[in-house]
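# Report on the structure
Given next are the chains, with one letter for each unit.
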There are 2 protein chains.
Amino acid sequence: MSVLIVIPAVISVLALASAFSFNRAVVRRAQGSERMTTLQGYIRSGAFTFMISEAKVMLVTMAVIGAILWILFYWEVAVAFWIGALLSLAAGFVGMNAATHANARTAHAARKSFKDALNVAFSGGSVMGLSVAGLALIGLVIVLVLFRRWFLPGNLVIETSNLLGVSLIRGALIVSAYSMGASLVALFDRVGGGIYTKAADMAADMVGKVEMGIPEDDPRNPATIADNVGDNVGDVGGLGADLLESFVGAIISVMVMVMYIYVGRANLGLEGLIAKLGLTAGLSEGNYWWVLVAPLLIVGGGIVASLLAILYIRFSRRQEGMQRVLMNGTRLAALLTAITTFVIVWMSPLSLNIFWEVILGLVAGVGIGFFSEYFTSSSFRPTRELAKMNQSGPAVGVTEGMALGMMSTFMPVILIAAATIISYQLGGLLGVAFTAMGMLSFVAMTVAVDTYGPIADNAGGISSMSELPPEVRERTDKLDSIGNTTAAIGKGFAIGSAAFAALGLIAAYMWSAASVPQEVVLPQLPIVGEVLAPMGGASIPVGAFVIAGLVIGAMVPYVFSALLIRGVSRTADILVQEVRRQFKEMPGIIDGSETPDYNRCISITAHGGLNKMFVPAMIAVVTPIAFGLIFGRYALGGFLIGALLSAIQLAIYCANAGGAMDNAKKYVEEGHYGGKNSEAHAAAVTGDTVGDPLKDTVGPSLDILIKLMSVIALVFASLFPLQPIFF
Amino acid sequence: MSVLIVIPAVISVLALASAFSFNRAVVRRAQGSERMTTLQGYIRSGAFTFMISEAKVMLVTMAVIGAILWILFYWEVAVAFWIGALLSLAAGFVGMNAATHANARTAHAARKSFKDALNVAFSGGSVMGLSVAGLALIGLVIVLVLFRRWFLPGNLVIETSNLLGVSLIRGALIVSAYSMGASLVALFDRVGGGIYTKAADMAADMVGKVEMGIPEDDPRNPATIADNVGDNVGDVGGLGADLLESFVGAIISVMVMVMYIYVGRANLGLEGLIAKLGLTAGLSEGNYWWVLVAPLLIVGGGIVASLLAILYIRFSRRQEGMQRVLMNGTRLAALLTAITTFVIVWMSPLSLNIFWEVILGLVAGVGIGFFSEYFTSSSFRPTRELAKMNQSGPAVGVTEGMALGMMSTFMPVILIAAATIISYQLGGLLGVAFTAMGMLSFVAMTVAVDTYGPIADNAGGISSMSELPPEVRERTDKLDSIGNTTAAIGKGFAIGSAAFAALGLIAAYMWSAASVPQEVVLPQLPIVGEVLAPMGGASIPVGAFVIAGLVIGAMVPYVFSALLIRGVSRTADILVQEVRRQFKEMPGIIDGSETPDYNRCISITAHGGLNKMFVPAMIAVVTPIAFGLIFGRYALGGFLIGALLSAIQLAIYCANAGGAMDNAKKYVEEGHYGGKNSEAHAAAVTGDTVGDPLKDTVGPSLDILIKLMSVIALVFASLFPLQPIFF
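### Observations regarding the overall build of chain A
A tally of regular secondary structure across chain A gives 20 helices and 2 strands. Counting all 727 residues of chain A, 71% fall into the buried class. Across chain A, the fraction of contacts at a sequence separation of at least 24, relative to all contacts at a separation of at least 6, is 84%. Just so you have it, chain A exposes about 21,000 Å², and 62% of that area is on carbon and sulfur atoms.

### Remarks on the side chain of Thr106(B)
Residues and elements named next belong to chain B. Take Thr106: it is sitting in helix α3 (residues 75-112). Here Thr106 falls in the buried class, since its relative accessible area comes to 0%. When sequence neighbours within four positions are dropped, the list of residues in contact with Thr106 reads Ala117, Val120, Ala121, Ile455, Ala459 and Leu479.

### Remarks on the confidence of the model for chain A
Residue and element names in this part refer to chain A. With 90% of its residues at a pLDDT of at least 70, chain A reaches an overall mean of 85. When pLDDT is averaged over each helix and strand of chain A, the minimum, 31, is found for helix α16 (residues 533-536) and the maximum, 95, for helix α1 (residues 6-27). Counting interchain partners and residues more than four positions distant, the pLDDT-below-50 stretch residues 265-272 has 14 contacts. For this predicted complex, the interface confidence comes out at an ipTM of 0.90, alongside a pTM of 0.91.

### A closer look at the packing of aromatic side chains
Residues and elements named next belong to chain A. Taken as a whole and assessed by the stated rule, the structure comprises 38 aromatic pairs over all chains. Centroid distance Phe50 to Tyr196: 4.8 Å. Interplanar angle 55 degrees. Geometry classified as tilted. Placement of Phe50 in helix α2 (residues 34-72) and of Tyr196 in helix α5 (residues 170-212) is noted, with a sequence separation of 146 residues between them. Here Phe50 matches Tyr196 in class, with each residue buried. Counting every residue linked through ring pairs, the aromatic cluster contains Phe370, Phe371, Tyr374, Phe375 and Phe380. One residue, Lys478, lies across the ring of Phe114, its end atom 4.3 Å from the ring centre.

### Examining the nonpolar core
If you look at the biggest cluster of nonpolar residues, it comprises 566 residues, and the most contacted ones within it are Phe73(A), Phe151(A), Tyr653(A), Phe716(A), Phe73(B), Phe151(B) and Tyr653(B). Beyond its immediate sequence surroundings of up to four residues, Phe151(B) is in contact with Val143(B), Leu144(B), Leu156(B), Gly171(B), Ile174(B), Val175(B), Met259(B), Tyr288(B), Trp289(B) and Leu292(B).

### So, the packing of α1(A) against helix α4 (residues 114-146) of chain A
Residues and elements named next belong to chain A. Between α1 and α4, the shortest axis-to-axis distance is 8 Å and the interhelical angle comes to 155 degrees. Taken together, the axes of α1 and α4 are roughly antiparallel relative to one another. Considering the relative orientation of α1 and α4, their crossing is left-handed. On the side of α1, the interface is formed by Pro8, Ala9, Ile11, Ser12, Val13, Ala15, Leu16, Ser18, Ala19, Phe22, Asn23 and Val26, while α4 contributes Val120, Ser123, Gly124, Ser126, Val127, Leu130, Ser131, Gly134, Leu135, Leu137, Ile138 and Val141. Grouping the amino acids of the contact of α1 with α4 by side-chain chemistry returns 16 nonpolar, 8 polar and no charged.

### A short note on the pattern of salt bridges
As a working rule, side chains carrying opposite charge can pair if their charged atoms are close by. Scanning all chains against the criterion turns up 44 salt bridges over all chains. Salt-bridge contacts for Asp692(A) lead to Lys695(A); the nearest nitrogen and oxygen are separated by 2.8 Å. You can see Asp692(A) and its partner Lys695(A) sitting in helix α20 (residues 679-716), 3 residues apart, about one turn around the helix. With respect to burial, Asp692(A) and Lys695(A) carry one shared label: buried. The residue Arg581(B) makes a salt bridge to Glu578(B) at a minimum N-O spacing of 2.8 Å.

### Observations concerning helix α19 (residues 598-669) of chain B
Owing to its 3.6 residues per turn, the α-helix aligns residues three or four sequence positions apart on the same side. Taking 1.5 Å per residue as the helical rise, α19(B) with its 72 residues ought to reach 106 Å, whereas the 28 Å between its terminal C-alpha atoms falls clearly short. Trailing α19(B) by a residue or two, Gly671(B) shows a phi angle of about 115 degrees, which is positive.

### As for unusual backbone geometry
Residues and elements named next belong to chain A. Backbone geometry places Glu467, a non-glycine residue, at a positive phi of 50 degrees. Secondary-structure assignment places Glu467 in the loop between α14 (443-465) and α15 (470-514). On the basis of relative accessible area, Glu467 is assigned to the exposed category, the value being 62%.

### Structural notes on a nonpolar patch on the surface
All names here are of chain A. Together, Leu335, Ile339, Phe342, Val343, Trp346, Met347, Leu352 and Trp356 give the surface a local cluster of nonpolar side chains, amounting to about 840 Å² of exposed area. At 6 residues, helix α9 (residues 322-347) tops the list of elements feeding residues into the nonpolar patch. Within the secondary structure, Ile339 is located in helix α9.

### A closer look at the packing of helix α2 (residues 34-72) of chain B against α19(B)
Residue and element names in this part refer to chain B. Relative to each other, α2 and α19 sit at 25 degrees, their axes nearing to 10 Å. The pairing of α2 with α19 is recorded here as roughly parallel in orientation. Note that α2 runs across α19; the crossing there is right-handed. Facing α2, whose interface residues are Tyr42, Gly46, Phe50, Ser53, Glu54, Val57, Thr61 and Ile65, α19 presents Tyr598, Asn599, Ile602, Ala606, Leu610, Met613, Phe614, Met618 and Val621. Partitioning the contact of α2 with α19 into residue classes produces 12 nonpolar, 4 polar and 1 charged.

### Digging into the side chain of Lys198(B)
Note on placement: Lys198(B) falls in helix α5 (residues 170-212). Not counting the four nearest positions on each side in its chain, Lys198(B) is found in contact with Val568(B), Asp692(B), Pro693(B), Asp696(B) and Thr697(B).

### A look at the environment of Val576(B)
All names here are of chain B. Relative to the elements of secondary structure, Val576 occurs in helix α17 (residues 543-585). A sequence separation of 25 residues divides Val576 from Cys601, and the C-alpha atoms of the two residues are 9.4 Å apart. Those residues in contact with Val576, other than ones at most four positions away along the chain, are Ala203, Met206 and Val207.

### Observations regarding the environment of Arg29(B)
Structurally, Arg29(B) is set in the loop between α1 (6-27) and α2. With 279 residues separating them in the primary sequence, Arg29(B) and Leu308(B) have C-alpha atoms 23 Å apart.

### Notes on the state of the cysteines
Per the stated rule, a full pass over the model turns up 0 disulfides over all chains. In this structure Cys654(A) is not part of a disulfide, and its nearest cysteine sulfur, from Cys654(B), lies 13 Å away. Given the relative accessible area of 0%, Cys654(A) is considered buried.

### Structural notes on the environment of Glu211(B)
All names here are of chain B. Along the chain, Glu211 falls in helix α5. Using a relative accessible area of 40% as the deciding quantity, one classes Glu211 as partly exposed. Apart from residues no more than four positions distant in its own chain, Glu211 is found in contact with Met206 and Arg580.

Calculation rules
Residues numbered from 1 in each chain as written. Chains lettered and ligands numbered in written order. Predicted model: local features only at pLDDT ≥ 70, side-chain atom pairs only at ≥ 80, totals over all residues. Heavy atoms only, no water. Helix = DSSP H or I, 4+ residues; strand = E, 2+ residues; numbered from the N terminus. Buried < 20%, exposed > 50% of the residue type's maximum accessible area, 1.4 Å probe, protein only. Contact = heavy atoms within 4.5 Å. Areas by Shrake-Rupley, 256 points an atom, 1.4 Å probe, with all protein chains shown as cover. pLDDT = per-residue confidence, 0-100. Phe/Tyr/Trp six-rings, centres within 6.5 Å; stacked < 30°, edge-to-face > 60°. Lys NZ or Arg CZ within 6 Å of the ring centre and 35° of its normal. Core = buried A, V, L, I, M, F, W, Y, C linked by side-chain atoms within 4.5 Å. Axes fitted to C-alpha atoms, helices over the stretch in contact; angles between N-to-C directions. Parallel < 35°, antiparallel > 145°, perpendicular 65-115°, else oblique. Left-handed = near helix turned anticlockwise from the far one by under 90°. Nonpolar A, V, L, I, M, F, W, Y, C, P; charged D, E, K, R; others polar. Salt bridge = Lys/Arg side-chain N within 4 Å of Asp/Glu carboxyl O. Expected span 1.5 Å × (residues − 1). Patch = residues over 30% accessible without salt bridge, like charges linked within 9 Å, V, L, I, M, F, W, Y side chains within 5 Å. Disulfide = S-S within 2.5 Å.

See the structure below:
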């Protein structure tokens, strides 16, 4: 194995060590009053209780799936899968641990100054960001070193598996299984956490704000702790596992493609592509190592860049204009990533095109982020107009919010299409995969900034509940609002990179599906081209199955979303009844003489989240396998493309409709169109409640769904028949 | 030309003559009291004023587009386009004329008996049904006879157009242009009428019901006449043009494919497909005429079957259980269509497979209709549960309604996929086109039943406004509720057939795009297969452009829907202000001493409808042409498939979410969960208002959008470059 692997190994250890030191810095801070400590204790224990129950469900599922992989393929595949799953699980826990330490401490620090509060919150976020990137990278290094045999050029052959007689490249299968483990945990985290957080939020608002007329985060509301727990399990735990999964998916799709290209020297006729990699002499052994490890080096550069940017923000001495500092930090991370990428590519025997592909990813990600912000921030026209339309009542508000979300698909899709075209011209489908990786290369910074938002949000909750002076809440609100802007950019990255990473994974699946059968002449097997078999004159009658795959694939995200939305509203419904019951049976709650039963609310919500997460997660696992087994590998290609197309649009629509409805409500609350308690406000609150599960449960879960289905197809590719099993 | 053409010619004249006689029967009935006559006069003049203004916009657009077709191609193409457009326009007018005659007369007949009212309403619907089918068929016969030269086997060659040097089959272009004319008018009618009807409905409800607390259809509401006008221009005029367009699209996609198959004897290598047609000796001249005219004969059989079923319903002597009679009539029409199809195919030299393909269309259509009913009728669990969830407030109601709509995509998509697979096995893509035709073959009956609903609705409105005895309103409400059930089946047919017809048109486009270039070796050009170029080893670098086409195509239905929703809510907003102004400035309205200014409301709504219809309609026309010109014909294939996938799901989602929210509201009004004026009712009203534009404006327009874009691609196919114009 190439010595190059030492570099990402060192960088990942550096990232984890920095995360550890940031964590210690947070824990060392004072926690504040006794009441704050108690509240934080409630939140921490609620969050950990839920995450542990969730982890138990996952561990059982993982054990079963790993065993299946072991039986079907090789023990190495199962082990790689478990490593991916465990690291993804760990990312969620580490981040949440830091966040639930940082929340009360941020509130306490806000008593001193705004800058101090920002430091604590951002340190908490940095722990998460650095852990996510460090864990993902170290896991990959471990897998590569542990199973190095199977990545040696000499062993990189299409072999026939002992049990089933199917053919595959073992090395490609191992890294794919690693990614699949990470994705599966991420989906569970996102779906379970997403249902938890939004059900608690809806119920707390519906009974507390609307029926009882008490403010948000009021300690008299029995669901308020559950709501704060939700912020941690959904927005922190879910987000960490999600971005770890995206990061891994983007890296491994490059690696799998490289392995197929290497094997393809012999039987895939990919000379043109190899030339585009700048390897005009073909892939030699030395070159091969460079291309295989290049993704690890580039993201390693991104981690170093993020660390420097985090330090820049952390030690900035400015007291004012922190939004600017955060934005500058993000830009700095992007710039440094570009520089390190340039150096790496320049020193390698690879084409400079790879550098441009990574840059393209950075630029497209920032562009998509900008349009997310444009459509969801109340600084711009769309959300302001939405706020205004709320004057005509809730129906018009919801309708307009939906229209806004639908309209907002336009620019991100154009950017995705443009980046696809350009990166494809630069390096074929491998170029597209490098662009996806570019988008995610400074993930540590993105996660740090994204996580800091929910920490600030929680700090605000704790400060209200602990009856700290109002200027503290003002400071945490300011923290929160700065976080919203940077988080919009983060969401853009998440959606854009999901689209690209899925495309890369689908392409890797196609290569892997095509490389197997010796008995089929390859040029006659253009997968989706079979839709149009009569035109191309192709002879294998799978055309209708591909069409069926496309429409069925496009339907899956809808059914998945429906289950998630129902999970939220049904769980919220049960919680609403519990909260109403508490207010009714314990009249002392409202005058402050009785403490509400927070734990009952927490456990009801947790139960709902856990209960409703299993079916949607299993849809993601079972449907591609079942479809592939029945209709064959070509139809499954159609299925994946259909799902991707549908999920991209739905995810953008959900994220932006929900975001805009949320911010329109805040805009009205700032005093526009009648301000709080006006008719416009009531309408905007309804809109916000409709939009909440869309933006925080459905949207992020869809991002994972398409990647998970694609990576599952990639892992199981060799099992699927060439043609449908009937006809 | 074959003498076979005489049969459809005779049948279409028969259909139009029957329509004329039904119309006379309606007009001869008494109109009722002076007040009813006045109200009907208001509605008629409002509807005609709008339709005429709309027609003016369309005529100008048609003149311009026709001139472009003339210049680019041949005069015959322009003339065929105009014939299609004018007949589609005529279908809307004829139907609306009958409906606005029948409404007051139905109310008057309801004073006598329920059966009598049903007779009048159903006769009005039958005029529309028979006109739509008769006009569509006679137009096709006229085009075939007028330009018979270009359908002669001898002239059926790929020729090079004089002006641009592009190659095409002139006969195929002529029938495609006919279909394009019909589609374009249908889209204008659906979008303009859809915005009109829902804006009026929303405004009337929001101010009348919610703010002023006066009942629906109260003559004191200034927007009430506009609301009734809307039912006619949207639900009657729009529906007529819509189904005429579907019917024509399904027929011509078969004809275009047949022509390409015939030409393909020489250069497309479609022998396998020709064998599947049962023409093992290849397409001889005689066989060719049979296959070309077969669609006309089969739909002619469907018209005769529908006419018999209409007479069965019209002269049924039963007084009770009319729902049963209507359902039996629909079944009878389907059965008779199956029998006539069998006879036609059996007498022809064609394969019996064609019969099975048509049957499959009938069965799939009925199946999709059943699931539409299951998800939207309050007789079944989903809508009842939605009604129950409304108890938790409007946000939960809307959220659950959305989830229900998303969930409801499952079964229709499975049915579409299954029917695609089976029909493809039976006859390739031509088999799919025959299945689409089968779904629409008894369109006359479907339209008759669908149109009768809005007539009954209008009759109810007139009876309330004329203060007729309450039992009259009860009878018209019963009429209306029977209509809702049968209409659900009609909607299923509309969506299912749109998906199939679009698939047929896209396939025809692919053939036409592929048949042109002599310099390209065809088997190397699998369109969407280029997505996966590395796999198939294909060499033309259009892969990324196809991917871009897929994602951009999938985005277009979202932006289109957003514009429609906004059109409705913004027009409603202006109307709301006008209605509020009238109530304020004319205090006599509410005590009945002043007559509201109905005409101002009508003209405001009309203005909004006309204003907001142009941009969405132009999106449908311009985007495929622009995309094809810039990115080439292969990328456009991806664009159309992406649009189809996205539009199918969105259309089902919108139709069923809206339908269920409407019926959940009615279910609550029947006294469940608190009944009228309860909290659940208020929430359900909000849900209904959100759902209305989804089900009546967006859903039906999406059905047309995908067909119109596909047929435009088909007409302009020869102009698009093989490869993107840059790179």
